[in-house]
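# Descriptive structure summary
Given next are the chains, with one letter for each unit.
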Amino acid sequence: MSYASIMVAVDLGEHARERIRLAGHLADDFRARLIGVAAEMPAYEAAPVGPTLGSAYCLASVQEAVLNDLRMAHEAFKEAAGKRSRVEWRSNLDFPLAFLTRQSAAADLLIIGRGDDGSPLMSVDPGDALMGLGLPLLVVPPKVDHLDAKRVAVAWKDTREARRAVRDALPFLKRASQVVVISVDDGKGADDTRDVIGLLQAHDVYATAIHKDAYGAATADALIEAASEQAADLIVLGGYGHGRLREWAFGGVTRDLLAGCPVCCLMSH
């Protein structure tokens, strides 16, 4: 079980090259092909309306500016991907999420930034991608360009999303030297980890369990603290188990991790 095809979302943000380098290292580790994807939609609404003298020129210049952005993104991808042989580039004038959705059938894993560090016209919100693509997402925080994933934390809540995340993360978990399953008591009790531990052992993944009390803190903060205590550089979790609208209104683990987790997160919905 492995990832045969890894896709990375590319934009013109200052941390895009770091994310591409990380994707390239993982492609090497899993012997996978690497696909870079970028899109941007021209802002035609800024152009003059009607048969004015400069309207055709303005429309062409707007489109050329977007094409130039895509060329710059391609150059950044080529530079950061290096001389790897199994590399592919896909780009178009399109809405970034819509284009990424159409390309996602070609990938086992999508690598994406947190959404707060990319160029606004080209970046994709990771929450939108998580809800719409049907792929596991590896969300990379700023200033991270490598992922060893030798010590992995699994955030366990006995939900459909968490069960899917564990299975989606098996290629990482089978390579890890230490896997810890963390169940956080948020005041309603910590979920039983015995079955998921048994499942991992059936896949030849040795894992131990930790129960963490939130003690009035946010569940995400307790999870990050527990993962940090285990020196984990990857957290695996199910995303938006309570629904995205509810998390947007009242807060939730997925929203909090997307906003500020200092380590990579592999999320499935």
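The present account deals with the structure reproduced in this document. A quick note: this is a predicted structure, and the numbers were derived from the prediction, not measured.

Now for the sheet that holds strand 10 (residues 264-268). Ordered by their spatial adjacency, 10 strands build an open sheet running 3-2-1-4-5-10-9-6-7-8, and the pairing between neighbours is mixed. Strand pairing shows two members of the sheet lacking a second neighbour, strand 3 (87-93) and strand 8 (207-213), which therefore form its edges. Going across the sheet, the axis of each strand differs from the next one's by a mean of 25°, ignoring polarity. Where strand 1 (residues 5-9) meets strand 4 (residues 109-113), 3 bridges bridge the pair, whose relative direction is parallel. Along strand 4, the bridge assignment pairs Ile6 with Leu109. Relative to the sheet, helix 8 (residues 219-229) contacts strand 6 (151-155), strand 7 (178-185), strand 8 and strand 9 (234-238), its axis offset from that of strand 7 by approximately 150°.

On to unusual backbone geometry. For residues other than glycine, phi is negative in most cases, and the peptide bonds are mostly trans. Unlike most non-glycine residues, Lys143 shows phi in positive territory, near 65°. Looking at the secondary structure, you find Lys143 in the loop between strand 5 (137-140) and strand 6. Residue classification places Lys143 among the exposed positions, given a relative accessible area of 69%. Residues other than glycine seldom take positive phi values, yet Asp204 does so here, at roughly 65°. Relative to the assigned elements, Asp204 resides in the loop between helix 7 (194-202) and strand 8.

Examined against the element boundaries, Glu40 turns out to sit in strand 2 (residues 33-40). One buried charged residue, Glu40, forms no salt bridge at all, with the nearest opposite charge on Arg71 at 11 Å. Once residues within four sequence positions are removed from consideration, Glu40 is found in contact with Val66, Asp69, Leu70, Asn92, Leu93, Asp94, Leu121 and Met122.

For helix 7, every residue scored as buried is listed here: Val196, Ile197 and Leu200. One face of helix 7 carries all of its buried residues, which in axial projection span an arc of 105°. Exposed residues lying more than 90 degrees from the buried face of helix 7 are Arg194, Asp195 and Ala202. For helix 7, the elements touching its buried residues are helix 5 (160-168), helix 6 (170-175), strand 7 and strand 8.

Parameters and conventions
Residues numbered from 1 in each chain as written. Predicted model: local features only at pLDDT ≥ 70, side-chain atom pairs only at ≥ 80, totals over all residues. Heavy atoms only, no water. Pairing = 2+ DSSP bridges. Helix = DSSP H or I, 4+ residues; strand = E, 2+ residues; numbered from the N terminus. Axes fitted to C-alpha atoms, helices over the stretch in contact; angles between N-to-C directions. Contact = heavy atoms within 4.5 Å. Buried < 20%, exposed > 50% of the residue type's maximum accessible area, 1.4 Å probe, protein only. Lys, Arg positive; Asp, Glu negative; His and termini not counted. Salt bridge = Lys/Arg side-chain N within 4 Å of Asp/Glu carboxyl O. Arc of directions from axis to C-beta.

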